[in-house]
Amino acid sequence: MINPDDWQIIGFTLGVATLSTVFIVPGGTMLAFLLARGRWRGKSLVETVVALPLVMPPVATGLILLKLFGRRGVLGSWLEHLFGVEIVFTWRAVVIAMAVMSFPLLVRAARVAFEEVNPRMEQIARTLGAGELRVFFTITLPLAARGIVAGTILAFARGLGEFGATILVAGNIPGKTTTLSLSIYSFVQLGQDTAAFRLLVVSVAIAFAAVWISEYVMRRRTV
Amino acid sequence: MKIARFHKLLAVAVFAMLPVPSLRATEICVFAAASLTDALKEIAVDYEKKTGDKLQFNFAASSVLARQIEEGAPADLFFSADEAKMDALEKKGVLVAGSRKSILSNTLVIVVPTDAPLILKSAQALVAPEIKKIALGEPNSVPAGVYARAYLEKLGLWEQVRPKIVPTENVRASLAAVESGNVEAGIVYKTDALISNKVKFAFEVPAAEGPAISYPAALVKDSKAPAQGKALLEYLESKPASVVFEKFGFIVKP
(Lines give C-alpha, C1' and ligand atoms only; values in the text may rest on other atoms or scores of the structure.)
Protein backbone atom coordinates (compact mmCIF):
# COMPACT_ATOMS: atom_id res chain seq x y z
CA MET A 1 0.00 0.00 0.00
CA ILE A 2 1.57 3.26 1.11
CA ASN A 3 5.36 2.92 1.05
CA PRO A 4 8.04 4.85 2.99
CA ASP A 5 8.57 7.29 0.11
CA ASP A 6 4.87 8.09 0.12
CA TRP A 7 4.98 8.69 3.85
CA GLN A 8 7.90 11.03 3.42
CA ILE A 9 5.91 13.01 0.86
CA ILE A 10 2.76 13.02 2.97
CA GLY A 11 4.67 14.02 6.10
CA PHE A 12 6.59 16.72 4.30
CA THR A 13 3.48 18.16 2.67
CA LEU A 14 1.53 18.23 5.93
CA GLY A 15 4.55 19.74 7.65
CA VAL A 16 5.16 22.61 5.26
CA ALA A 17 1.44 23.30 4.95
CA THR A 18 1.16 23.49 8.74
CA LEU A 19 4.18 25.76 8.95
CA SER A 20 2.87 28.10 6.29
CA THR A 21 -0.53 28.22 8.00
CA VAL A 22 1.02 28.98 11.39
CA PHE A 23 2.98 31.68 9.63
CA ILE A 24 0.00 33.50 8.16
CA VAL A 25 -2.61 33.16 10.92
CA PRO A 26 -1.47 36.02 13.22
CA GLY A 27 -0.85 38.52 10.42
CA GLY A 28 -3.85 37.38 8.40
CA THR A 29 -6.18 37.72 11.37
CA MET A 30 -4.89 41.19 12.21
CA LEU A 31 -5.23 42.32 8.64
CA ALA A 32 -8.72 40.85 8.40
CA PHE A 33 -9.69 42.80 11.50
CA LEU A 34 -8.30 46.03 10.11
CA LEU A 35 -10.12 45.46 6.84
CA ALA A 36 -13.37 44.66 8.62
CA ARG A 37 -13.31 47.54 11.06
CA GLY A 38 -10.83 50.16 10.06
CA ARG A 39 -11.33 53.10 7.78
CA TRP A 40 -7.98 54.04 6.46
CA ARG A 41 -6.29 55.30 3.37
CA GLY A 42 -5.30 52.71 0.83
CA LYS A 43 -7.64 50.14 2.31
CA SER A 44 -9.16 49.12 -1.00
CA LEU A 45 -5.71 48.89 -2.52
CA VAL A 46 -4.55 46.54 0.24
CA GLU A 47 -7.78 44.57 -0.17
CA THR A 48 -7.11 44.09 -3.87
CA VAL A 49 -3.46 43.18 -3.46
CA VAL A 50 -4.30 40.60 -0.80
CA ALA A 51 -6.92 39.02 -3.06
CA LEU A 52 -4.60 38.84 -6.06
CA PRO A 53 -3.09 35.38 -5.47
CA LEU A 54 -6.61 34.02 -5.34
CA VAL A 55 -7.48 35.19 -8.83
CA MET A 56 -4.11 35.33 -10.54
CA PRO A 57 -2.75 32.23 -12.27
CA PRO A 58 -0.68 30.46 -9.60
CA VAL A 59 2.19 30.24 -12.02
CA ALA A 60 2.18 34.02 -12.40
CA THR A 61 2.33 34.40 -8.63
CA GLY A 62 5.14 31.86 -8.66
CA LEU A 63 7.06 33.90 -11.19
CA ILE A 64 6.77 37.01 -9.04
CA LEU A 65 8.00 35.03 -6.04
CA LEU A 66 10.85 33.58 -8.08
CA LYS A 67 11.92 37.05 -9.14
CA LEU A 68 11.68 38.32 -5.55
CA PHE A 69 13.28 35.40 -3.77
CA GLY A 70 15.70 34.20 -6.46
CA ARG A 71 19.38 34.46 -5.63
CA ARG A 72 19.51 37.62 -7.66
CA GLY A 73 16.10 38.84 -6.61
CA VAL A 74 15.54 41.79 -4.29
CA LEU A 75 14.62 39.75 -1.22
CA GLY A 76 16.54 36.61 -2.14
CA SER A 77 19.93 38.27 -2.48
CA TRP A 78 19.30 40.26 0.67
CA LEU A 79 18.37 37.19 2.73
CA GLU A 80 21.31 35.22 1.44
CA HIS A 81 23.71 38.07 2.04
CA LEU A 82 22.50 38.92 5.53
CA PHE A 83 21.55 35.57 6.97
CA GLY A 84 23.00 33.09 4.54
CA VAL A 85 19.51 31.73 4.01
CA GLU A 86 18.76 30.19 0.65
CA ILE A 87 15.17 30.25 -0.50
CA VAL A 88 14.64 29.04 -4.04
CA PHE A 89 14.68 25.27 -4.59
CA THR A 90 14.49 24.61 -0.85
CA TRP A 91 11.64 23.72 1.50
CA ARG A 92 11.48 27.36 2.54
CA ALA A 93 10.31 28.25 -0.94
CA VAL A 94 7.52 25.69 -0.58
CA VAL A 95 6.41 27.35 2.65
CA ILE A 96 6.48 30.80 1.06
CA ALA A 97 4.53 29.67 -1.99
CA MET A 98 1.90 27.98 0.15
CA ALA A 99 1.65 30.94 2.52
CA VAL A 100 1.18 33.48 -0.26
CA MET A 101 -1.36 31.35 -2.09
CA SER A 102 -3.48 30.58 0.95
CA PHE A 103 -3.28 33.99 2.62
CA PRO A 104 -6.29 35.47 0.75
CA LEU A 105 -8.53 32.58 1.78
CA LEU A 106 -7.72 33.08 5.43
CA VAL A 107 -8.14 36.86 5.27
CA ARG A 108 -11.49 36.61 3.47
CA ALA A 109 -12.95 34.12 5.94
CA ALA A 110 -11.60 35.97 8.96
CA ARG A 111 -12.84 39.28 7.65
CA VAL A 112 -16.39 38.02 7.23
CA ALA A 113 -16.15 36.60 10.73
CA PHE A 114 -15.13 39.95 12.18
CA GLU A 115 -17.84 41.78 10.24
CA GLU A 116 -20.44 39.50 11.76
CA VAL A 117 -19.46 40.39 15.29
CA ASN A 118 -22.05 42.78 16.66
CA PRO A 119 -20.25 46.08 17.42
CA ARG A 120 -22.67 46.70 20.28
CA MET A 121 -21.08 43.87 22.21
CA GLU A 122 -17.77 45.64 21.96
CA GLN A 123 -19.42 48.93 22.85
CA ILE A 124 -20.86 47.41 26.00
CA ALA A 125 -17.46 46.06 26.99
CA ARG A 126 -15.98 49.51 26.50
CA THR A 127 -18.64 51.16 28.64
CA LEU A 128 -17.76 48.66 31.33
CA GLY A 129 -14.24 49.99 31.22
CA ALA A 130 -12.40 47.49 29.04
CA GLY A 131 -9.50 48.83 26.99
CA GLU A 132 -9.31 48.27 23.22
CA LEU A 133 -6.93 45.34 23.54
CA ARG A 134 -9.07 43.68 26.15
CA VAL A 135 -12.17 44.20 24.04
CA PHE A 136 -10.42 42.61 21.09
CA PHE A 137 -9.14 39.56 22.93
CA THR A 138 -12.13 38.91 25.15
CA ILE A 139 -15.05 39.93 22.93
CA THR A 140 -14.21 40.33 19.24
CA LEU A 141 -11.76 37.50 18.77
CA PRO A 142 -13.78 34.82 20.59
CA LEU A 143 -16.90 35.79 18.69
CA ALA A 144 -15.08 35.63 15.38
CA ALA A 145 -13.12 32.51 16.29
CA ARG A 146 -15.28 30.06 14.39
CA GLY A 147 -14.86 31.89 11.12
CA ILE A 148 -11.16 32.32 11.68
CA VAL A 149 -10.68 28.63 12.41
CA ALA A 150 -12.69 27.66 9.34
CA GLY A 151 -10.61 30.08 7.25
CA THR A 152 -7.43 28.63 8.71
CA ILE A 153 -8.44 25.11 7.74
CA LEU A 154 -9.33 26.23 4.24
CA ALA A 155 -6.01 28.03 3.94
CA PHE A 156 -4.25 24.89 5.12
CA ALA A 157 -6.07 22.79 2.53
CA ARG A 158 -5.23 25.28 -0.20
CA GLY A 159 -1.60 25.16 0.83
CA LEU A 160 -1.60 21.38 0.65
CA GLY A 161 -2.69 21.43 -2.95
CA GLU A 162 -0.42 24.24 -4.09
CA PHE A 163 1.23 23.42 -7.39
CA GLY A 164 1.85 26.23 -9.85
CA ALA A 165 3.76 28.64 -7.65
CA THR A 166 5.59 25.84 -5.84
CA ILE A 167 7.00 24.21 -8.93
CA LEU A 168 8.46 27.54 -10.05
CA VAL A 169 10.10 28.67 -6.81
CA ALA A 170 10.84 25.34 -5.18
CA GLY A 171 11.21 22.99 -8.10
CA ASN A 172 10.30 19.35 -7.75
CA ILE A 173 13.22 17.84 -5.88
CA PRO A 174 12.48 14.36 -4.52
CA GLY A 175 12.93 14.21 -0.77
CA LYS A 176 13.44 17.95 -0.55
CA THR A 177 10.67 19.98 -2.13
CA THR A 178 8.35 17.41 -3.64
CA THR A 179 4.85 17.78 -2.21
CA LEU A 180 1.80 15.61 -2.77
CA SER A 181 0.62 17.48 -5.84
CA LEU A 182 4.07 17.69 -7.40
CA SER A 183 4.55 14.03 -6.77
CA ILE A 184 1.26 13.06 -8.39
CA TYR A 185 2.28 15.14 -11.39
CA SER A 186 5.68 13.44 -11.68
CA PHE A 187 4.19 9.99 -11.34
CA VAL A 188 1.73 10.68 -14.13
CA GLN A 189 4.52 12.05 -16.31
CA LEU A 190 6.54 8.93 -15.67
CA GLY A 191 3.59 6.75 -16.51
CA GLN A 192 3.45 5.33 -12.99
CA ASP A 193 -0.28 5.62 -12.64
CA THR A 194 -0.59 3.23 -9.71
CA ALA A 195 1.74 5.33 -7.59
CA ALA A 196 -0.09 8.48 -8.67
CA PHE A 197 -3.37 6.86 -7.75
CA ARG A 198 -2.14 5.98 -4.27
CA LEU A 199 -1.28 9.60 -3.60
CA LEU A 200 -4.51 10.72 -5.20
CA VAL A 201 -6.45 8.71 -2.64
CA VAL A 202 -4.38 10.26 0.14
CA SER A 203 -5.03 13.80 -1.08
CA VAL A 204 -8.74 13.16 -1.43
CA ALA A 205 -8.80 11.87 2.13
CA ILE A 206 -6.95 14.91 3.47
CA ALA A 207 -9.09 17.35 1.49
CA PHE A 208 -12.24 15.61 2.64
CA ALA A 209 -11.16 15.81 6.26
CA ALA A 210 -10.20 19.48 5.96
CA VAL A 211 -13.48 20.57 4.40
CA TRP A 212 -15.52 18.41 6.73
CA ILE A 213 -13.81 19.82 9.82
CA SER A 214 -14.16 23.39 8.57
CA GLU A 215 -17.88 22.86 7.88
CA TYR A 216 -18.28 21.31 11.30
CA VAL A 217 -16.57 24.24 12.97
CA MET A 218 -18.67 26.74 11.02
CA ARG A 219 -21.95 25.03 11.90
CA ARG A 220 -21.30 24.46 15.56
CA ARG A 221 -23.23 27.08 17.45
CA THR A 222 -21.52 28.55 20.46
CA VAL A 223 -24.18 28.27 23.11
CA MET B 1 -36.64 42.00 -38.90
CA LYS B 2 -34.08 42.32 -36.18
CA ILE B 3 -34.32 38.66 -35.31
CA ALA B 4 -33.90 37.62 -38.94
CA ARG B 5 -30.81 39.75 -39.18
CA PHE B 6 -29.44 38.19 -36.04
CA HIS B 7 -29.99 34.74 -37.46
CA LYS B 8 -28.17 35.66 -40.62
CA LEU B 9 -25.29 36.97 -38.58
CA LEU B 10 -25.27 33.82 -36.54
CA ALA B 11 -25.16 31.70 -39.67
CA VAL B 12 -22.22 33.68 -40.98
CA ALA B 13 -20.43 33.35 -37.68
CA VAL B 14 -20.98 29.62 -37.54
CA PHE B 15 -19.73 29.22 -41.09
CA ALA B 16 -16.66 31.26 -40.35
CA MET B 17 -15.81 28.87 -37.56
CA LEU B 18 -16.14 25.75 -39.65
CA PRO B 19 -12.85 24.40 -40.90
CA VAL B 20 -12.54 24.53 -44.66
CA PRO B 21 -9.91 21.95 -45.50
CA SER B 22 -9.64 22.70 -49.17
CA LEU B 23 -8.85 26.36 -48.62
CA ARG B 24 -6.54 25.90 -45.70
CA ALA B 25 -2.96 24.71 -45.64
CA THR B 26 -2.50 21.42 -43.88
CA GLU B 27 -1.32 21.71 -40.34
CA ILE B 28 1.34 19.24 -39.32
CA CYS B 29 1.57 18.74 -35.61
CA VAL B 30 5.14 18.10 -34.53
CA PHE B 31 5.95 16.89 -31.03
CA ALA B 32 9.61 17.64 -30.51
CA ALA B 33 12.21 17.55 -27.75
CA ALA B 34 12.68 20.90 -26.01
CA SER B 35 16.31 21.04 -27.13
CA LEU B 36 15.16 21.17 -30.76
CA THR B 37 13.07 24.31 -30.22
CA ASP B 38 15.21 26.91 -31.96
CA ALA B 39 16.52 24.77 -34.78
CA LEU B 40 13.09 23.43 -35.71
CA LYS B 41 11.49 26.86 -35.59
CA GLU B 42 14.03 28.08 -38.08
CA ILE B 43 13.54 25.05 -40.29
CA ALA B 44 9.77 25.57 -40.08
CA VAL B 45 10.04 29.03 -41.61
CA ASP B 46 11.74 27.61 -44.71
CA TYR B 47 9.51 24.58 -44.85
CA GLU B 48 6.28 26.55 -44.61
CA LYS B 49 7.43 28.86 -47.38
CA LYS B 50 8.35 25.92 -49.55
CA THR B 51 5.30 23.72 -49.10
CA GLY B 52 2.55 25.97 -47.83
CA ASP B 53 1.87 23.52 -45.00
CA LYS B 54 1.85 24.87 -41.48
CA LEU B 55 3.92 23.37 -38.71
CA GLN B 56 2.38 23.33 -35.27
CA PHE B 57 4.90 22.55 -32.54
CA ASN B 58 4.64 21.07 -29.12
CA PHE B 59 8.01 21.36 -27.43
CA ALA B 60 8.59 19.60 -24.14
CA ALA B 61 10.74 16.90 -22.61
CA SER B 62 10.58 13.84 -24.86
CA SER B 63 9.37 11.81 -21.89
CA VAL B 64 6.38 14.13 -21.50
CA LEU B 65 5.66 14.07 -25.22
CA ALA B 66 5.91 10.28 -25.42
CA ARG B 67 3.41 10.07 -22.61
CA GLN B 68 1.06 12.49 -24.38
CA ILE B 69 1.28 10.57 -27.64
CA GLU B 70 0.63 7.35 -25.79
CA GLU B 71 -2.52 8.96 -24.39
CA GLY B 72 -3.64 9.83 -27.89
CA ALA B 73 -2.46 13.41 -28.30
CA PRO B 74 -2.88 14.55 -31.93
CA ALA B 75 0.72 14.34 -33.10
CA ASP B 76 1.75 13.68 -36.69
CA LEU B 77 5.47 13.44 -36.10
CA PHE B 78 7.50 12.76 -32.98
CA PHE B 79 11.10 13.95 -32.72
CA SER B 80 12.60 12.56 -29.55
CA ALA B 81 15.88 13.34 -27.79
CA ASP B 82 16.47 9.72 -26.96
CA GLU B 83 15.87 6.28 -28.39
CA ALA B 84 14.34 4.90 -25.20
CA LYS B 85 11.18 7.01 -25.54
CA MET B 86 10.84 5.94 -29.15
CA ASP B 87 11.32 2.28 -28.21
CA ALA B 88 8.52 2.57 -25.69
CA LEU B 89 6.13 4.06 -28.24
CA GLU B 90 7.12 1.56 -30.88
CA LYS B 91 6.38 -1.27 -28.49
CA LYS B 92 2.94 0.18 -27.84
CA GLY B 93 2.35 0.23 -31.59
CA VAL B 94 1.51 3.91 -31.91
CA LEU B 95 4.17 4.66 -34.52
CA VAL B 96 4.13 3.98 -38.24
CA ALA B 97 6.24 0.87 -38.63
CA GLY B 98 9.51 1.52 -40.44
CA SER B 99 9.20 5.30 -40.35
CA ARG B 100 11.68 5.71 -37.51
CA LYS B 101 15.00 7.36 -38.32
CA SER B 102 17.86 8.53 -36.12
CA ILE B 103 18.67 11.97 -37.40
CA LEU B 104 20.83 13.89 -34.97
CA SER B 105 23.33 13.63 -32.18
CA ASN B 106 24.43 16.10 -29.54
CA THR B 107 26.95 16.45 -26.71
CA LEU B 108 26.64 17.44 -23.08
CA VAL B 109 28.17 20.50 -21.48
CA ILE B 110 28.37 21.75 -17.92
CA VAL B 111 27.32 25.38 -17.84
CA VAL B 112 27.64 28.10 -15.24
CA PRO B 113 26.24 31.66 -15.23
CA THR B 114 28.27 34.00 -17.43
CA ASP B 115 29.36 36.15 -14.51
CA ALA B 116 30.45 33.20 -12.36
CA PRO B 117 34.20 32.95 -11.82
CA LEU B 118 34.05 29.16 -11.97
CA ILE B 119 35.80 27.28 -14.68
CA LEU B 120 35.69 23.55 -14.18
CA LYS B 121 38.62 21.47 -15.27
CA SER B 122 36.49 18.36 -15.31
CA ALA B 123 33.13 17.01 -14.23
CA GLN B 124 34.90 16.00 -11.00
CA ALA B 125 34.71 19.66 -9.95
CA LEU B 126 30.92 19.35 -9.54
CA VAL B 127 31.69 17.69 -6.22
CA ALA B 128 33.26 20.91 -4.87
CA PRO B 129 31.33 22.58 -2.03
CA GLU B 130 31.06 25.91 -3.91
CA ILE B 131 28.64 24.16 -6.20
CA LYS B 132 25.55 23.81 -4.07
CA LYS B 133 22.96 23.09 -6.71
CA ILE B 134 23.15 21.51 -10.13
CA ALA B 135 20.22 21.69 -12.52
CA LEU B 136 19.57 18.87 -14.91
CA GLY B 137 16.57 17.29 -16.57
CA GLU B 138 14.63 14.90 -14.33
CA PRO B 139 17.20 12.08 -14.25
CA ASN B 140 14.75 9.19 -14.58
CA SER B 141 12.74 10.40 -17.52
CA VAL B 142 13.84 13.61 -19.25
CA PRO B 143 16.46 12.55 -21.84
CA ALA B 144 18.96 15.32 -21.03
CA GLY B 145 18.79 14.27 -17.39
CA VAL B 146 19.05 10.58 -18.21
CA TYR B 147 22.16 11.26 -20.31
CA ALA B 148 23.68 13.49 -17.62
CA ARG B 149 23.04 10.87 -14.99
CA ALA B 150 24.54 8.14 -17.16
CA TYR B 151 27.63 10.27 -17.63
CA LEU B 152 28.01 11.02 -13.92
CA GLU B 153 27.41 7.39 -13.06
CA LYS B 154 30.08 6.34 -15.48
CA LEU B 155 32.51 8.69 -13.72
CA GLY B 156 31.39 7.36 -10.35
CA LEU B 157 30.22 10.82 -9.26
CA TRP B 158 26.47 10.34 -9.26
CA GLU B 159 26.04 9.40 -5.60
CA GLN B 160 28.15 12.36 -4.51
CA VAL B 161 26.37 14.99 -6.58
CA ARG B 162 22.92 13.49 -6.17
CA PRO B 163 21.97 15.65 -3.13
CA LYS B 164 22.75 18.77 -5.15
CA ILE B 165 20.56 17.89 -8.09
CA VAL B 166 17.66 20.16 -8.97
CA PRO B 167 15.65 18.09 -11.44
CA THR B 168 13.80 20.09 -14.08
CA GLU B 169 10.86 19.54 -16.42
CA ASN B 170 13.00 19.63 -19.52
CA VAL B 171 16.47 20.64 -20.57
CA ARG B 172 15.50 24.24 -21.27
CA ALA B 173 14.33 24.61 -17.69
CA SER B 174 17.80 23.53 -16.52
CA LEU B 175 19.28 26.16 -18.76
CA ALA B 176 16.90 28.78 -17.35
CA ALA B 177 17.82 27.85 -13.78
CA VAL B 178 21.49 28.49 -14.54
CA GLU B 179 20.70 31.69 -16.43
CA SER B 180 18.81 33.08 -13.45
CA GLY B 181 21.74 32.30 -11.17
CA ASN B 182 19.54 30.21 -8.90
CA VAL B 183 21.81 27.22 -9.33
CA GLU B 184 25.60 27.27 -9.63
CA ALA B 185 25.80 24.84 -12.50
CA GLY B 186 23.72 22.82 -14.90
CA ILE B 187 24.21 20.01 -17.35
CA VAL B 188 22.56 20.66 -20.70
CA TYR B 189 23.15 19.90 -24.35
CA LYS B 190 25.80 21.90 -26.09
CA THR B 191 23.12 23.20 -28.44
CA ASP B 192 21.20 24.71 -25.51
CA ALA B 193 24.27 26.37 -24.09
CA LEU B 194 25.04 27.89 -27.48
CA ILE B 195 21.78 29.82 -27.73
CA SER B 196 22.15 31.53 -24.37
CA ASN B 197 24.44 34.44 -23.63
CA LYS B 198 23.70 34.23 -19.92
CA VAL B 199 25.62 31.00 -19.47
CA LYS B 200 29.10 29.90 -20.41
CA PHE B 201 30.64 26.50 -20.92
CA ALA B 202 32.43 25.41 -17.78
CA PHE B 203 33.27 22.02 -19.19
CA GLU B 204 32.46 20.33 -22.42
CA VAL B 205 32.01 16.59 -22.20
CA PRO B 206 34.08 15.00 -24.98
CA ALA B 207 31.81 13.12 -27.35
CA ALA B 208 33.76 9.91 -26.80
CA GLU B 209 33.40 10.05 -23.01
CA GLY B 210 29.77 11.02 -22.83
CA PRO B 211 26.78 8.79 -23.44
CA ALA B 212 25.70 8.22 -27.01
CA ILE B 213 23.04 10.85 -27.66
CA SER B 214 20.62 10.14 -30.44
CA TYR B 215 17.57 12.01 -31.75
CA PRO B 216 15.17 9.73 -33.61
CA ALA B 217 12.06 10.92 -35.44
CA ALA B 218 9.06 8.86 -36.47
CA LEU B 219 5.54 9.21 -37.81
CA VAL B 220 2.58 8.68 -35.55
CA LYS B 221 0.04 6.12 -36.66
CA ASP B 222 -3.08 8.12 -35.82
CA SER B 223 -1.87 11.09 -37.87
CA LYS B 224 -4.48 13.05 -39.80
CA ALA B 225 -1.89 14.21 -42.31
CA PRO B 226 0.24 11.13 -42.99
CA ALA B 227 1.46 12.22 -46.42
CA GLN B 228 2.47 15.68 -45.21
CA GLY B 229 4.13 14.17 -42.15
CA LYS B 230 6.14 11.84 -44.33
CA ALA B 231 7.26 14.71 -46.53
CA LEU B 232 8.33 16.66 -43.49
CA LEU B 233 10.27 13.73 -42.07
CA GLU B 234 12.11 13.44 -45.38
CA TYR B 235 12.82 17.16 -45.34
CA LEU B 236 14.34 16.90 -41.85
CA GLU B 237 16.99 14.64 -43.35
CA SER B 238 17.62 16.84 -46.34
CA LYS B 239 20.59 19.11 -46.90
CA PRO B 240 18.82 22.44 -46.13
CA ALA B 241 17.60 21.09 -42.78
CA SER B 242 21.01 19.63 -41.95
CA VAL B 243 22.61 23.02 -42.50
CA VAL B 244 20.31 24.57 -39.94
CA PHE B 245 20.82 21.77 -37.43
CA GLU B 246 24.57 22.11 -37.77
CA LYS B 247 24.36 25.85 -37.38
CA PHE B 248 22.77 25.26 -33.98
CA GLY B 249 25.51 22.84 -33.00
CA PHE B 250 23.82 19.51 -33.63
CA ILE B 251 25.73 16.64 -35.13
CA VAL B 252 23.88 15.37 -38.19
CA LYS B 253 24.00 11.61 -38.42
CA PRO B 254 25.08 10.16 -41.73
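Just so you know, the residues in each chain are numbered from 1, in the order the chain's sequence is written. A letter from A marks each chain and a number from 1 marks each ligand, given out in the order of writing. The predicted nature of this model means local features are confined to residues of pLDDT at least 70 and side-chain atom pairs, given and counted, to a pLDDT of 80 or more, with totals for whole chains, interfaces and linings taken over all residues.

### A look at the interface of chain B and chain A
Often, the extent of an interface is quoted as the loss of accessible area on bringing the components together.
Line of reasoning, step 1. Contact criterion: two residues are in contact if their C-beta atoms, reconstructed from the backbone, are within 7 Å. Contacts between chain B and chain A engage 11 residues on the former and 11 residues on the latter.
Line of reasoning, step 2. Only DSSP runs of H or I reaching four residues or more are called helices, and only runs of E reaching two or more are called strands; each is numbered from the N terminus. Elements represented by at least two residues in the side of chain B that touches chain A include exactly α3 (62-70) and β7 (165-168) of chain B.
Line of reasoning, step 3. The element that contributes the greatest number of residues to the side of chain B that touches chain A is α3(B), accounting for three residues.
Line of reasoning, step 4. By the convention adopted, Pro, Cys, Tyr, Trp, Phe, Met, Ile, Leu, Val and Ala count as nonpolar, Lys, Arg, Asp and Glu as charged, and the other residues, Gly among them, as polar. For the side of chain B that touches chain A, the class distribution of residues is three nonpolar, six polar and two charged.

### Observations concerning the domain arrangement of chain B
All names here are of chain B.
Line of reasoning, step 1. Each domain's extent was defined by an automatic or database domain assignment. Here chain B is described as being made up of domain 1 (2-105 + 214-252) and domain 2 (108-204).
Line of reasoning, step 2. Domain 1 puts 15 residues into the contact, and the matching count from domain 2 is 16 residues.
Line of reasoning, step 3. Counting residues per element, the ones that place at least two in the side of domain 1 that touches domain 2 are α2 (37-51) and α3.

### What about the sheet that holds strand β1 (residues 27-33) of chain B?
Residue and element names in this part refer to chain B.
Line of reasoning, step 1. Pairing between strands requires that DSSP locate at least two bridges from one strand to the other. Across the sheet, six strands lie side by side as β2-β1-β3-β10-β4-β11; this open sheet has mixed pairing. If you trace the sheet from one side to the other, it starts and ends with β2 (54-60) and β11 (251-252), each paired once.
Line of reasoning, step 2. One ladder, built from two bridges, connects strand β4 (residues 101-105) with β11; its direction is antiparallel. Paired with Ser-105 across the strands is Ile-251, a residue of β11.
Line of reasoning, step 3. Its contacts with the sheet place α3 against β1, β2 and β3 (77-79), and it is angled at close to 135° to β1. Axes here refer to lines fitted to C-alpha atoms; in helices the fit is confined to the stretch in contact. Angles between the N-to-C directions go from 0 to 180 degrees.

### Quick look at the packing of helix α9 (residues 180-190) of chain A against helix α10 (residues 193-219) of chain A
All names here are of chain A.
Line of reasoning, step 1. Taken N-terminus to C-terminus, the directions of α9 and α10 make an angle of 155°; their axes are 8 Å apart at the nearest point. Taken together, the axes of α9 and α10 lie roughly antiparallel to each other. At the point where α9 passes α10, the crossing takes the left-handed sense. Each of Leu-180, Ser-183, Ile-184, Phe-187 and Val-188 in α9 lies in contact with α10, whose residues at this interface are Asp-193, Ala-195, Ala-196, Leu-199, Leu-200, Val-202 and Ser-203.
Line of reasoning, step 2. Of the residues in the contact of α9 with α10, the class split is nine nonpolar, two polar and one charged. Each angle is binned into one of four classes, with values under 35 degrees roughly parallel, values over 145 roughly antiparallel, values of 65 to 115 roughly perpendicular, and all other values oblique. Handedness of a crossing is defined here by the sense of rotation of the near helix relative to the far one, left-handed for an anticlockwise turn of less than a right angle and right-handed for a clockwise turn.

### Here's the deal with the confidence of the model for chain A
Line of reasoning, step 1. A residue's pLDDT is simply how confident the predictor is in it, with values from 0 to 100. Confidence along chain A averages 91 in pLDDT terms, with 99% of residues attaining 70 or more.
Line of reasoning, step 2. When mean pLDDT is taken per element in chain A, helix α5 (residues 91-115) of chain A scores highest with 96 and α10(A) scores lowest with 88.

### Notes on the pairing of β4(B)
Line of reasoning, step 1. Taken together, the three bridges between β4(B) and strand β10 (residues 215-219) of chain B define a ladder with antiparallel strand orientation. In the sheet register, B:Ser102 faces β10(B), and the bridge partner there is B:Pro216.

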